[in-house]
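This is what each chain is made of:
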Amino acid sequence: MASRQVPKVLKREVVAQSRLLRIEAVDLKFSNGEQRQFERMQGSGRGAVMVVPFVDDQHIMLIREYAAGLHDYQLGFPKGLIDPGETPEQAAQRELKEEIGFGCEELNRLAEVTMAPQFFSAKMTLFTARSLYPEQLAGDEPEPLEQIVWSLDNVDELLAQPDFTEARSVAALLMTLRQLKK
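Criteria and cut-off values
- Residues numbered from 1 in each chain as written.
- Predicted model: local features only at pLDDT ≥ 70, side-chain atom pairs only at ≥ 80, totals over all residues.
- Heavy atoms only, no water.
- Phe/Tyr/Trp six-rings, centres within 6.5 Å; stacked < 30°, edge-to-face > 60°.
- Lys NZ or Arg CZ within 6 Å of the ring centre and 35° of its normal.
- Domains from an automatic or database assignment.
- Contact = heavy atoms within 4.5 Å.
- Buried area = accessible area lost by both parts, 1.4 Å probe.
- Salt bridge = Lys/Arg side-chain N within 4 Å of Asp/Glu carboxyl O.
- Polar contact = N/O pair within 3.5 Å; in protein donor to acceptor, adjacent residues only side chain to side chain.
- Nonpolar A, V, L, I, M, F, W, Y, C, P; charged D, E, K, R; others polar.

Draft legend 1. Molecular detail of the packing of aromatic side chains. Within this structure, the stated rule accounts for 3 aromatic pairs. Seen from their ring centres, Tyr66 and Tyr73 are 5.7 Å apart, and the 65 degrees between their planes marks the pair as edge-to-face. In this arrangement the basic side chain of Arg130 is found over the ring face of Phe54, its NZ or CZ atom lying 3.8 Å from the centre.

Written as structure tokens, this is what we have:
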């Protein structure tokens, strides 16, 4: 892979801010002399995690929760922000306990992914979880999350579900399937 010089940052300015996000205007100068202004969303900088929990060798657990951006319910995997002082592994364990009421004895890192990196700085670490055991922690969800156990024999059906569309969940599923083939 060829190495390229990243553009020089000439100026950064916060143009909007909420309790979760900060939007910056960034003036850049590229190596060829071109100058452009980009806008980007800055998250908390803490990162996030998503976990594909295995109920057994042939079944995974998903959750259905409200997605404010779509104003609808979406099917996906347990996920959440990494709290200050936590490692991604600790956050993954906590999210499992908060969202599905299980911890795990075996946590395997799949990959670190980004979402819309042209505009958003957030990174998410994807995991699989095996050997689940019951342990509940209070979460921050406004309502109980629906839990759905899905057979890996029916993955094509899952991918065809109209409410299984979040790219990070789809990527986590496909990476999990690839890992299983190895």
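Back to the text.
Draft legend 2. Examining the domain arrangement of the protein more closely. Parsing the protein into structural domains produces domain 1 (8-42) and domain 2 (48-180). The gap between the C-alpha centroids of domain 1 and domain 2 is 31 Å. If you look at the interface, domain 1 gives 5 residues, while domain 2 gives 4 residues. For the pair domain 1 and domain 2, the two sides together bury roughly 380 Å², of which 58% comes from carbon and sulfur. A per-residue breakdown of the area domain 1 buries against domain 2 is headed by Glu39, Met41 and Gln42, which together make up 67% of the total. Summed over the shared surface of domain 1 and domain 2, the result is 0 salt bridges. If you look at where domain 1 meets domain 2, you find 1 residue pair in polar contact (both at pLDDT 80 or more). The residue inventory of the side of domain 1 that touches domain 2, partitioned by class, reads 2 nonpolar, 1 polar and 2 charged.

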